[in-house]
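Now for the letters of each chain:
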Amino acid sequence: MADFVTSGLNFRQSVDCMVDRALALIDLQEGVANQIKSCNAVLEVRFPVEIKGKLEVFTGWRAVHSTHRLPSKGGIRFSLNVNQDEVEALAALMTYKCAIVDVPFGGSKGGLYIDPNKYSRDELQMITRRFTRELATRGFLSPSTNVPAPDMGTGQREMSWILDTYKQLFPNDINYIACVTGKPVQQGGVRGRVEATGRGIQYTIREFFRHPDDVKSANMTGGIEGKTVVLQGLGNVGYHAGKFVSEEDGGKIIAIIERDGAIIDSSGLNVEEVKSYVTENGGVKGYGNGDVKYIEDGAKALELECDILIPAALEGVINSDNALNIKAKLIVEAANGPTTFDADRVLSDKGIVILPDALVNAGGVVVSYFEWVRNLSHMRFGRMERRLEEDRGNHIIHALKEVTGKEIPKWIEDELTRGSDELDLVRSGLDDSMRTAYQQIRETKLTNDRVHDFRTAAYVIAVQKIARAYMDLGIY
Ligand code: NAD
């Protein structure tokens, strides 16, 4: 994003500076630190596809930041903002993210320079399949070494095309279905993956509000109920995060920023309704009645007075140009890299608490990990134990009735006799992963008096875990 230029740092340098801040607090050989930060390999491909009778040449990248654990994991984005630097920065974030949430993967990321809105479904399919072939035949796509997932501009549909192309190329690979995650359930996807990043954001916010001293440090009290929220981006991540935080936890969404501007309503916006409107009309302009205010310069809404700001669209949107004007008490980085390094310092000085991207949006890769494991086991989660759990529940109900001689309320009976299905297990595993990671970060922040913020604490943990892996492998 051009915004990074205003701070003199590009996206990758911005991420490196944040990691350097953590490295300065750890006793680590310089060579090891450099190895952790280095992007191990980058593939750039150019390939032709015939579109409406004319040959068009497309450019794509796949960066492998680390291979200390395999496969390397990270989304593929289709966007006109994609370039090698961005892909390398995002791959680095994947490495740290996986370490933070204890997912045994290296970090990778891919991107295709394209405006997906300009092409028909069939054209996009041809382009995606050709890009897949470029990646797979060069060793940048396989269940054991490099596994993509959806990101900006891609979703289940593109993952299905990637899977099918890989299967055609390598029909003898018994684990072909694990070559990509974020697939539709009918194609081997796991239940709960589409919503996973948004769910993870909800679980992280919930965990934050479970710690009154953390809440106090952000100049707030109480729980999520009634807290005002500004949300940027109503794509996969923003829509789900906004929906769960408002519908399930009582947060009040007072502004939604999309690519064509922002809508503001102090009495609260209904995320589901706004999403339907955006899907139908291509933007937020014109939504609602007289109570809803529209502003064309959407980024200005980032500066609104609110409790929680959730940037869930692009990188570099909170930068040295607007950091001083941000009034949120808590920033929850749902997007990757929404805050530049310079802005991060300004916000910290202002006392604004930031929950960093490498933690907050890790729900996607956590559930991708579950999907990959499910694919390797060739069986859905819960298939073996669900009825057994139900039987156990029935025995407990029976025993309780026998011992007490009383009837058990129906809702307790229902709860106890319901075996966990795949979605229950995925949500439970995701909640545990997000909570545990948050608690480790919080603990590091509390016990190290040189660590003052969640981001630095998160990177201290990530770097220590990765360094440990290199040490165990005998690399130093
Ligand atoms: P998406 O393509 O589904 O949605 C992006 C949304 O942002 C779209 O609605 C788009 O219209 C909107 N947008 C574009 N430009 C904007 C602007 N200038 N102002 C406001 N809104 C704008 O993408 P996504 O998958 O939701 O990803 C969003 C962010 O979350 C990215 O940074 C991505 O890397 C990160 N992320 C995604 C996942 C995932 O599972 N999809 C996981 C981790 C992190």
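Each remark here, short or long, concerns the structure printed above.
Read on for an overview of the structure. Note that the coordinates shown come from a computational prediction; the quantities given were computed from them, not determined experimentally.

Parameters at a glance
Note on numbering: residues in each chain are counted from 1, in written sequence order. The predicted origin of the model limits local features to residues at a pLDDT of at least 70 and limits the giving and counting of side-chain atom pairs to 80 or more, whereas totals for whole chains, interfaces and linings rest on all residues. Side-chain numbers come from the whole structure's heavy atoms, not from hydrogens or water. Runs of H or I in DSSP of at least four residues are treated as helices and runs of E of at least two as strands, each being numbered from the N terminus. What we call a nonpolar core is a set of buried Ala, Val, Leu, Ile, Met, Phe, Trp, Tyr and Cys residues that are connected through their side-chain atoms within 4.5 Å. For every residue, the accessible area (1.4 Å probe, protein chains only) is compared with the maximum for its type, and the residue is labelled buried under 20%, exposed over 50%, or partly exposed between those bounds. Contacts are assigned to residue pairs with any non-hydrogen atoms lying within 4.5 Å of each other. Summary of the distance rule: residues count as near a molecule or strand when at least one heavy atom falls within 4 Å of that molecule or strand. Under this definition, polar contacts are N or O atom pairs within 3.5 Å; protein pairs additionally need one hydrogen-donor-capable and one acceptor-capable atom, and for neighbouring residues in sequence, both atoms have to be side-chain atoms. Shrake-Rupley sampling with a 1.4 Å probe provides the accessible areas, and residues are treated as covered by the protein chains on show and by no other component. When residue character is reported, Ala, Val, Leu, Ile, Met, Phe, Trp, Tyr, Cys and Pro are called nonpolar, Asp, Glu, Lys and Arg charged, and the others, Gly included, polar. Take the number of residues in a helix, subtract one, and multiply by 1.5 Å to get its expected span. For this quantity, the arc is that covered by the directions from the helix axis to the C-beta atoms. A fitted line through C-alpha atoms represents every axis, and for helices the fit uses only the stretch in contact; the resulting angles, taken between N-to-C directions, go from 0 to 180 degrees. If an angle is under 35 degrees, it is roughly parallel; if it is over 145, roughly antiparallel; if it lies from 65 to 115, roughly perpendicular; otherwise it is oblique. Any carboxyl oxygen of Asp or Glu within 4 Å of a side-chain nitrogen of Lys or Arg constitutes a salt bridge here. One bridge is not enough; two strands pair if DSSP finds at least two bridges between them. Residues forming no salt bridge and having over 30% relative accessible area are the ones grouped into patches, like charges within 9 Å of each other and nonpolar side chains (Val, Leu, Ile, Met, Phe, Trp, Tyr) within 5 Å. Should the near helix be turned anticlockwise from the far one by less than a right angle, the crossing is termed left-handed; should it be turned clockwise, right-handed.

### Concerning the environment of D342
Counting through the fold element by element, D342 comes out in helix α11 (residues 341–349). Distance in space between the C-alpha atoms of D342 and S320 is 6.0 Å, their sequence separation being 22 residues.

### Considerations on the nonpolar core
Counting 90 residues, the largest nonpolar core has Y96 and F208 as the members making the most contacts within it. Examining the composition of this core, we find that eleven residues originate from one element, helix α17 (residues 454–472), more than from any other. Sequence-distant contacts of Y96, that is, excluding residues within four places in its chain, are made with V15, V19, I36, K37, H65, Y459, A462, V463 and I466. The next biggest cluster of nonpolar side chains, apart from the first, holds 27 residues, and it includes F47, L112, L141 and L163.

### A few points about the site of the ligand
The environment of the ligand is made up of 22 residues, and the closest members are R77, D151, T197, E258 and N336. For the ligand, an oxygen atom lies 2.8 Å from a polar atom in the side chain of T197. With the chains in place, 85% of the 830 Å² that the ligand exposes on its own is no longer accessible. If you list the elements that add at least two residues to the shell around the ligand, you get α9 (236–248) and β8 (252–258). A per-class count over the shell around the ligand returns nine nonpolar, eight polar and five charged.

### Quick look at the side chain of S142
By the secondary structure assignment, S142 is in the loop between α5 (121–137) and β6 (146–147). When neighbours within four sequence positions are excluded, S142 is seen to be in contact with V147, Y166 and C179.

### Details of helix α14 (residues 386–404)
Residues separated by three or four positions in an α-helix point in the same direction, a consequence of the helix having 3.6 residues per turn. Compared with an ideal rise of 1.5 Å per residue, which puts 19 residues at 27 Å, α14 spans 27 Å between its outermost C-alpha atoms and is within 8% of the ideal. Along α14, the residues classified as buried are E390, G393 and I397. Taken around the axis of α14, the buried residues stretch over an arc of 60 degrees, which confines them to a single face. Away from its buried face by more than 90 degrees, α14 exposes R392, H395, H398, E402 and V403. The elements touched by buried residues of α14 are α15 (410–416). Of the residues flanking the end of α14, it is G405, one or two places downstream, whose phi is positive at about 70 degrees.

### Re the packing of helix α16 (residues 422–447) against α17
Following both chains from N to C, one finds α16 and α17 inclined at 105 degrees, their axes separated by 8 Å at the closest point. What the angle tells us is that α16 and α17 run roughly perpendicular. Facing α16, whose interface residues are Y438, Q440, I441, T444 and K445, α17 presents F454, A457, A458, V460, I461 and K465. Across the contact of α16 with α17, the residue classes break down as seven nonpolar, two polar and two charged.

### Digging into the pattern of salt bridges
Per the counting criterion, the structure on display carries 43 salt bridges. Between E315 and R77 there is a salt bridge, with its nearest N and O atoms 3.1 Å apart. With a gap of 238 residues between them, E315 in the loop between β11 (308–311) and β12 (330–332) and R77 in strand β4 (residues 76–79) connect regions that are remote in the sequence. Note on accessibility: E315 and R77 belong to one class, buried. The partner of E207 in a salt bridge is R210, and the shortest N-O contact between them spans 2.4 Å. On the basis of relative accessible area, R210 is assigned to the partly exposed category, the value being 40%. Ionic contacts of the salt-bridge type, sharing partners, join the residues R21, E333, D344, D357, D453 and R455 into one network.

### Focus on unusual backbone geometry
Residue P71 is bonded to the preceding L70 through a cis peptide linkage, with omega at 0 degrees. For P71, the location among the structural elements is in the loop between β2 (54–64) and β3 (72–73). Non-glycine residue D102 carries a positive phi angle of around 55 degrees. With respect to the helices and strands, D102 occurs in the loop between α4 (84–100) and β5 (106–113). Notably, N219 is not glycine yet its phi reads approximately 60 degrees, a positive angle. Here N219 lies in the loop between α8 (212–217) and β7 (228–232).

### Thoughts on the side chain of E88
Locating E88 in the fold gives a position in helix α4. We classify E88 as buried; its relative accessible area is 14%. Apart from the residues within four sequence positions on either side, E88 is in contact with R12, C39, V42 and A63.

### Some details on the environment of E422
Structurally, the position occupied by E422 is in helix α16. Taking the C-alpha atoms as reference, E422 lies 41 Å from P48; in sequence the two are 374 residues apart. In this structure E422 touches V190, R191, R374, R380 and F381, once residues within four positions along its chain are discounted. Engagement of the side chain of E422 in a polar contact is seen with the side chain of R374, the distance being 2.8 Å.

### A closer look at the sheet that holds β8
Spatially, seven strands are ordered β10-β9-β8-β7-β11-β12-β13 in an open sheet, and the strand pairing comes out mixed. Each edge of the open sheet carries a strand with a single partner, namely β10 (293–295) and β13 (353–355). Between one strand and the next, the sheet's axes are offset by a mean angle of 15 degrees, whatever the strand orientation. With three bridges connecting them, β12 and β13 associate as parallel partners.

### Notes on a nonpolar patch on the surface
On the surface, M471, L473, I475 and Y476 cluster together into a nonpolar patch covering about 380 Å² of accessible area. Within the secondary structure, L473 is located in the segment after α17. For L473, a relative accessible area of 52% gives the class exposed.

### So, the packing of helix α7 (residues 196–209) against α9
Packing of α7 against α9 leaves a shortest axis separation of 7 Å and a crossing angle of 45 degrees. As the angle between them shows, α7 and α9 are arranged oblique. Every pair of crossing elements has a handedness; the one defined by α7 and α9 is right-handed. Contact residues: α7 offers T197, G198, R199, I201, Q202, I205 and R206, while α9 offers V237, H240, A241, F244, V245 and E248. Split into classes, the residues belonging to the contact of α7 with α9 amount to six nonpolar, four polar and three charged.

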